[in-house]
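A look at the structure
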Amino acid sequence: MTIDSMGSEALARIAAAEDAAALESLRIEFLGKQGSVSALLKTLGAMSPDERQVEGPRIHALRQQVTDALAARKAALDGAALAEKLATERLDLTLPAPQSPRGSVHPVSQVMDELAEIFADLGFAVATGPEIEDDWHNFTALNMPESHPARAMHDTFYFPDAAHNGGRMLLRTHTSPVQVRSMQQQGAPIRIIAPGRVYRSDSDATHTPMFHQVEGLVIDKGIHLGHLKWTLETFLKAFFEREDIVLRLRPSYFPFTEPSVEVDVGFAVETGKGGKDRRVLGGSGDDPGHGWMELLGSGMVNRRVIEMSGLDPDEWQGFAFGVGVDRLAMLKYGMDDLRAFFDGDVRWLAHYGFSAFDQPTLSAGVGARA
Ligand code: PHE
């Protein structure tokens, strides 16, 4: 075979190589130790000087041509591979996520955000306190001394041996100790809500050992029961997003409020019979006039509590209330078993959970969109 035909055959085969592996075996075939071009170079040693002068440049030129062709083909193959990779692995971050979103906001978190939004509009700040609380803040300072019978109703989880200021440590049974802590820490006036977890040794369809409350506290001068009623009415109308909310205040007893009022809620609905009936919120379906839903405890802050929290009760008065957050969520969003709130069942969460984009705002209505 002449050098020329060797060259053209080599170049044709290199140009036709389909991938890097084929190209590498061609390189070995031509330029490897046993390669055909290498063999040709070895023939130079046996040539006469004249012959070598003619053949030398031709053989070297052949080697150069083959080397260049291999490099060019390799560049072309690499470029094609890169282009293909770019085409298949293209990631456009501006496109919407292809999968449906996985996580969701728990109804309890959503309702707490709704409450914070509603009360922020009324000038309330959000306060917090420890869930591991001492006996004094949870009971004594709230006018429940050691032997007070109301303590027995709280089904308290006590820590076995931790003591603080002579009292035992416990899991707070309500958010009311945040009233005491707020008065101690910031003095007066005060307008706060305090949402959070509370614990009682109790468990059935409507009670779980951990649940959520939101406490409200206003301390100022000349505060009276009318302020309490207006605040609760305004809050509940905003929360349930309807104007026909009606409240019923019943005399009650809490050691830390005097007087104390239990608040029931109902709203008027068209019965379809032409008249309007009171019907309980989320209550027993088609039974209009079926009474009221007991929703929260409240009252004027007992002057003994104000005093024990370091303020002068002759100068400062106020009201407080405590609501079950889980209960509010059940009423608004229609769940009927409290225990399911804390099972972590992904189907329940997918059904009742909220999109992270569903930020409650007063302008859009605090209720989440369907
Ligand atoms: N702390 C009370 C409870 O858990 C509720 C409450 C709060 C009542 C504030 C009156 C005032 O039952």
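Definitions and limits used
- Residues numbered from 1 in each chain as written.
- Predicted model: local features only at pLDDT ≥ 70, side-chain atom pairs only at ≥ 80, totals over all residues.
- Heavy atoms only, no water.
- pLDDT = per-residue confidence, 0-100.
- Contact = heavy atoms within 4.5 Å.
- Near = heavy atom within 4 Å.
- Polar contact = N/O pair within 3.5 Å; in protein donor to acceptor, adjacent residues only side chain to side chain.
- Areas by Shrake-Rupley, 256 points an atom, 1.4 Å probe, with all protein chains shown as cover.
- Helix = DSSP H or I, 4+ residues; strand = E, 2+ residues; numbered from the N terminus.
- Buried < 20%, exposed > 50% of the residue type's maximum accessible area, 1.4 Å probe, protein only.
- Pairing = 2+ DSSP bridges.
- Salt bridge = Lys/Arg side-chain N within 4 Å of Asp/Glu carboxyl O.
- Domains from an automatic or database assignment.
- Core = buried A, V, L, I, M, F, W, Y, C linked by side-chain atoms within 4.5 Å.
- Axes fitted to C-alpha atoms, helices over the stretch in contact; angles between N-to-C directions.
- Parallel < 35°, antiparallel > 145°, perpendicular 65-115°, else oblique.
- Nonpolar A, V, L, I, M, F, W, Y, C, P; charged D, E, K, R; others polar.

**Looking at the confidence of the model for the protein chain**
This prediction gives the protein chain a mean pLDDT of 88; 91% of its residues lie at or above 70. Confidence over residues 269–290 falls short of pLDDT 50; this stretch has 39 contacts with residues more than four positions distant or in other chains.

**Considering the site of the ligand**
If you check the shell around the ligand, you find 14 residues, and the closest are His-174, Ser-176, Arg-200, Gln-213 and Glu-215. Side-chain polar atom of His-174 to a nitrogen atom of the ligand: 3.0 Å apart, as the coordinates give it. Protein burial of the ligand: of its 330 Å² of free accessible surface, 91% is covered by the chains. Mapped by element, the contributors of at least two residues to the shell around the ligand are strand 6 (210–220), strand 10 (293–301) and strand 11 (317–324).

**A few points about helix 10 (residues 325–333)**
For helix 10, the tally of buried residues reaches 7 of 9 residues, placing the bulk of the element in the interior. Residues of helix 10 that are buried: Val-325, Asp-326, Leu-328, Ala-329, Met-330, Leu-331 and Lys-332. Where helix 10 is buried, its residues contact helix 5 (107–121), strand 6, helix 8 (225–240), strand 10 and strand 11. Taken from the residues just after helix 10, Gly-334 is the one with a positive phi, measuring 80°.

**Comments concerning the side chain of Thr-175**
Counting through the fold element by element, Thr-175 comes out in the loop between strand 4 (167–171) and helix 7 (177–186). In this structure Thr-175 comes out as buried when scored by relative accessible area, which is 0%. Separated by 2.7 Å, the side chains of Thr-175 and Glu-215 make a polar contact. When neighbours within four sequence positions are excluded, Thr-175 is seen to be in contact with Ala-194, Gly-196, Val-198, Gln-213, Val-214 and Glu-215.

**Re the pairing of strand 11**
When you tally the buried positions in strand 11, you get 6 out of 8 residues, the bulk of the element. Note: strand 6 against strand 11, 8 bridges, orientation antiparallel. When the sheet's bridge partners are listed, Ile-219 is paired in strand 11 with Gly-318. Alignment of strand 10 against strand 11, held across 5 bridges, turns out to be antiparallel. Bridging across to strand 11, Gly-297 finds its partner in Gly-322.

**Considering the pattern of salt bridges**
Per the stated rule, a full pass over the model turns up 22 salt bridges. One salt bridge connects Arg-250 with Glu-294, and the closest N-O pair in it is separated by 3.7 Å. A residue pair is termed long-range when its members are at least 10 positions apart, and Arg-250 in strand 7 (residues 245–254) and Glu-294 in strand 10 qualify at 44 residues. Glu-294 sits in the partly exposed class, given a relative accessible area of 43%. Two residues, Arg-303 and Asp-314, come together in a salt bridge whose shortest N-O distance is 3.1 Å.

**Observations concerning the side chain of His-154**
Within the secondary structure, His-154 sits in the loop between helix 6 (135–138) and strand 3 (158–164). Overall, the relative accessible area of 10% leaves His-154 in the buried class. The contacts of His-154, once residues within four sequence positions are left out, are Phe-139, Thr-173, His-174 and Arg-200.

**Concerning the domain arrangement of the protein chain**
According to the domain assignment, the protein chain contains domain 1 (3–88) and domain 2 (107–352). Each of domain 1 and domain 2 was reduced to a C-alpha centroid, and the two centroids are 86 Å apart.

**Description of the nonpolar core**
Formed by 40 residues in total, the largest nonpolar core has its most connected members in Phe-235, Leu-295 and Leu-328. Contributing elements (two or more residues each) for this core: helix 5, strand 6, helix 8, strand 7, strand 8 (257–270), strand 10, strand 11 and helix 10. Among residues more than four places away in sequence, those in contact with Leu-328 are Val-111, Leu-115, Phe-235, Phe-239, Phe-240, Leu-295 and Val-323. Core analysis: the next-biggest nonpolar cluster, separate from the first, contains 22 residues, Leu-142, Leu-170, Ala-194 and Leu-311 among them.

**Description of the environment of Asn-302**
Looking at the secondary structure, you find Asn-302 in the loop between strand 10 and helix 9 (303–308). On the basis of relative accessibility, which here comes to 11%, the residue Asn-302 falls in the buried class. As for Asn-302 and His-227, which are separated by 75 residues in sequence, their C-alpha atoms are 16 Å apart. Leaving out residues up to four positions away in the same chain, Asn-302 has contacts with Asn-143, Pro-255, Phe-256, Thr-257 and Glu-258.

**Here we look at the packing of helix 5 against helix 10**
Their axes nearest at 9 Å, the elements helix 5 and helix 10 cross at an angle of 95°. In this view, helix 5 runs roughly perpendicular relative to helix 10, as classed from their interaxial angle. Facing Pro-107, Val-108, Val-111, Met-112, Glu-114 and Leu-115 of helix 5, the residues of helix 10 in contact are Val-325, Asp-326, Leu-328, Ala-329, Lys-332 and Tyr-333. Looking at side-chain class alone, the contact of helix 5 with helix 10 contains 9 nonpolar, no polar and 3 charged residues.

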